[in-house]
Amino acid sequence: MKILVTGGLGYIGSHTVVELQSEGHEVVVVDNLNNSKIVVKERIVGISGKTFELLVADVNDTEALDGLFQKHVFDGVIHFAAHKAVGESVDLPVMYYQNNVSGLISLLGAMEKHKVSNLIFSSSCTVYGSTEVLPVTESTSIQRAESPYGTTKILCEDIITDYAKHKKFRSILLRYFNPVGAHPSSQIGELPLGVPNNLVPYITQTAAGIRKELTVFGDDYETKDGTCIRDYIHVVDLAKAHVKALEYSTKMSQNVDVFNVGTGNGNTVLEVIKAFEKASGQDLNYKIGPRRGGDIEKIWADTAKVSDVLGWNAQYDINDMMKHAWSWQIGLEK
Ligand code: NAD
Ligand code: WQD
């Protein structure tokens, strides 16, 4: 298939381009480099041995998209392009609605005009909010979002579901849990700008001496060691789920389907730190601090549906995730 990947130079997009190419699909990428670097293209080509066309443009640029859809006949689109920082979205909500929601609408406009009918969308477990029912299944109710970022994911899911009902359209919404790690080659990974908000880049930057110490946000939660539980998923496994979803989207009977993408296992913050220490062979400088506002106590995925329907299961465990995250961090400093 010939696939358009929006945001294909970003963290999850770059790993997905590699997996698409290794499965024999042709890829075209549109990315405005808002949160990525052009060098990622060379890195992807270095891993896969296959080149691809890159258009540096904003998905909100309807003329640029139109030109791209005129030039290529796409069999499907994977839409990663979006802003993703929860805290930033609280300060700059309009920028988030504009980029994430208008960006999707602009893309749907191009897909409609050029009769492209398969879309894989990057959603998030953030749509479940804080839930008592664990693990969460795809039918666990969606809660009002706590941040504008979360609102954009719910709105985009709604727009796609609504649009698909009235059109000959096939879309899969993938709700990612916590993507971490990097490609085993250490050639691509996450490039957090400034001080990271997420746990794993904060851990690796602390171990590398870029940050003084990690603060564990709270150890008085109702969990086995008092720290929060998340379902961490290796970015390469997550990338592979997109290829499965894409292939399934061409033969599914309903217009829209939704899948959780996680490992099905929850790990506490202290377990992640221990796994990191084991993988890196060094002690991490950390302290216990107060809870972070807005944090959910515990969440992990029920992965029965993604396993049964897409035939996808995570291959990497938390130790692999930490090993690859650390190799990537070391490589960044060279
Ligand atoms: P990322 O920031 O690394 O990648 C996004 C890419 O999209 C970047 O290369 C950026 O330059 C590009 N981009 C952003 N806005 C654009 C626009 N208007 N036009 C063209 N390109 C644009 O983020 P990521 O972690 O790879 O996330 C990819 C998607 O997955 C996002 O939609 C994000 O919301 C979603 N998601 C991420 C996580 C996570 O923890 N990383 C979890 C759940 C869902
Ligand atoms: C994980 C755990 C923190 C940093 C976010 C978004 C979510 C999704 C994934 C996009 C929590 C703890 C963290 C630190 C810590 N993204 N922590 N010290 O909050 O689960 O999810 O990313 O869709 O929408 O909200 O991920 O990596 O920030 O935190 O103790 O310095 O690590 O309290 O328990 P989170 P995270």
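Structure: see above.
Residues numbered from 1 in each chain as written. Chains lettered and ligands numbered in written order. Predicted model: local features only at pLDDT ≥ 70, side-chain atom pairs only at ≥ 80, totals over all residues. Heavy atoms only, no water.

## Some details on the overall build of the protein
For step 1, the next point in the chain: Counting secondary structure elements, the protein contains eleven helices and 13 strands.
For step 2, the next point in the chain: Relative to its length of 334 residues, the protein is compact, with a C-alpha radius of gyration of 19 Å against a globular reference of 20 Å.
For step 3, the next point in the chain: Each of the three principal axes of the protein carries a C-alpha extent, and together these read 55 × 45 × 40 Å.
For step 4, the next point in the chain: Counting over 334 residues, the protein shows a buried share of 51%.
For step 5, the next point in the chain: Here the contacts in the protein between residues at least 6 apart in sequence split such that 80% fall between residues at least 24 apart.
For step 6, the next point in the chain: When the accessible surface of the protein is split by element, carbon and sulfur atoms take 49% of a total near 14,600 Å².
For step 7, the next point in the chain: For the protein, the centre of its 32 positive side-chain charges and the centre of its 40 negative side-chain charges are spaced 3 Å apart. (Helix = DSSP H or I, 4+ residues; strand = E, 2+ residues; numbered from the N terminus. Rg over C-alpha atoms; globule rule 2.2 N^0.38 Å. Buried < 20%, exposed > 50% of the residue type's maximum accessible area, 1.4 Å probe, protein only. Contact = heavy atoms within 4.5 Å. Areas by Shrake-Rupley, 256 points an atom, 1.4 Å probe, with all protein chains shown as cover. Lys, Arg positive; Asp, Glu negative; His and termini not counted. Charge placed at Lys NZ, Arg CZ, Asp CG, Glu CD.)

## What to know about helix α3 (residues 62-71)
For step 1, the next point in the chain: Within the span of α3, buried status applies to Leu65, Asp66, Leu68 and Phe69. Seen end-on, α3 carries its buried residues on one side only, within an arc spanning 165 degrees. Exposed positions of α3 whose direction lies more than 90 degrees from the buried face are Glu63, Gln70 and Lys71.
For step 2, the next point in the chain: Where α3 is buried, its residues contact β1 (2-6), β2 (26-31), β3 (53-56), β4 (76-79) and α5 (93-113). (Arc of directions from axis to C-beta.)

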